[in-house]
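# Structural description and commentary
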Amino acid sequence: MKTTLTIAGSDCSGGAGIQADIKTMTMNGVYAMSVITALTAQNTTGVTGIMEVSPEFLKLQLDAVFTDIFPDAVKTGMVSSPKLIEVIAERLTFYKAENIVVDPVMVATSGAKLISDDAVEVLINKLMPMASVITPNIPEAEILSGMKITSEEDMEKAAKVISEKISREGAKKRVSVLVKGGHNICDANDILYDGSDGSVTCYRGERIKNPNTHGTGCTLSSAIASFLAQGKSLSDGVFLAKTYISGALWAGLDLGKGSGPLMHNFALFEEN
């Protein structure tokens, strides 16, 4: 069985972060492992507290995984401080990790800020150059590109700008960037700039009327990592991940008082 590691924060309500990642990876056919960067007190209505692990303990977790069950792919999510990002980048380099998906988690679905300002630059300089693909949403892509995004054309331009920016920071190859739609801009469509050949692909999807979108970003990036671990191309991995997340949205799970979680295990109920 192929193996996938998620490096992210814990969501005690189960809809996002480590919990969403493990559910997604399991449902997409890989063995899921986790390294926790922080505990969060959150639910569908918002984040009320964040408690980071120490850099030393983060390193211990990474070493424990890589020296025993080496992951075929790695997904990173919420990492809120520079020192933690530096540890992750150093360890992934040391172990020569491959198929790295970086989800630049900066703002929760509820609007809560999840990363410090100084950590953004370290993320760009240290971790993103190692990625096979980066998966920002519209607000994150605006921060990373330094431009306002109001259309599909802007999404494509931002993806190229981000890739060029990261590549200047020391990437061994041109990094691919998937700018996710939503936020009332190309709601169901995502734009992939493939750094390997400079091609641009628009993944069009049907707009699903479901207000419960807690953890969609975590779920998509984890699904992509799962398919890369299984040897799928980036293009196919993104397509399969979008198909999976559409199914999780269509299932219409309705839990919580705010923006609720997806139904990650929808396929189990379809089969029965």
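Here's what I pulled together on the structure shown here. (Residues numbered from 1 in each chain as written. Predicted model: local features only at pLDDT ≥ 70, side-chain atom pairs only at ≥ 80, totals over all residues. Heavy atoms only, no water.)

With that out of the way, let us pick up unusual backbone geometry. You will see that K96, though not glycine, has its phi angle at about 55°, which is positive. For K96, the location among the structural elements is in the loop between α3 (82-94) and β5 (100-102). If you check the backbone angles, N99 has positive phi at about 55° while not being a glycine. (Helix = DSSP H or I, 4+ residues; strand = E, 2+ residues; numbered from the N terminus.)

This part takes up the packing of aromatic side chains. Considering all chains together, one arrives at 4 aromatic pairs under this definition. Pairing F66 with Y95 gives two aromatic rings, centres 4.9 Å apart and planes at 5°, and the pair type is stacked. A residue pair is termed long-range when its members are at least 10 positions apart, and F66 in helix α2 (residues 55-66) and Y95 in the loop between α3 and β5 qualify at 29 residues. No difference in accessibility class separates F66 from Y95, as the two residues are buried. Here the aromatic cluster, defined as three or more aromatic residues joined through ring pairs, consists of F66, F70, F94 and Y95. We note R91 situated over the ring of F94; from NZ or CZ to the ring centre the distance is 4.3 Å. (Phe/Tyr/Trp six-rings, centres within 6.5 Å; stacked < 30°, edge-to-face > 60°. Buried < 20%, exposed > 50% of the residue type's maximum accessible area, 1.4 Å probe, protein only. Lys NZ or Arg CZ within 6 Å of the ring centre and 35° of its normal.)

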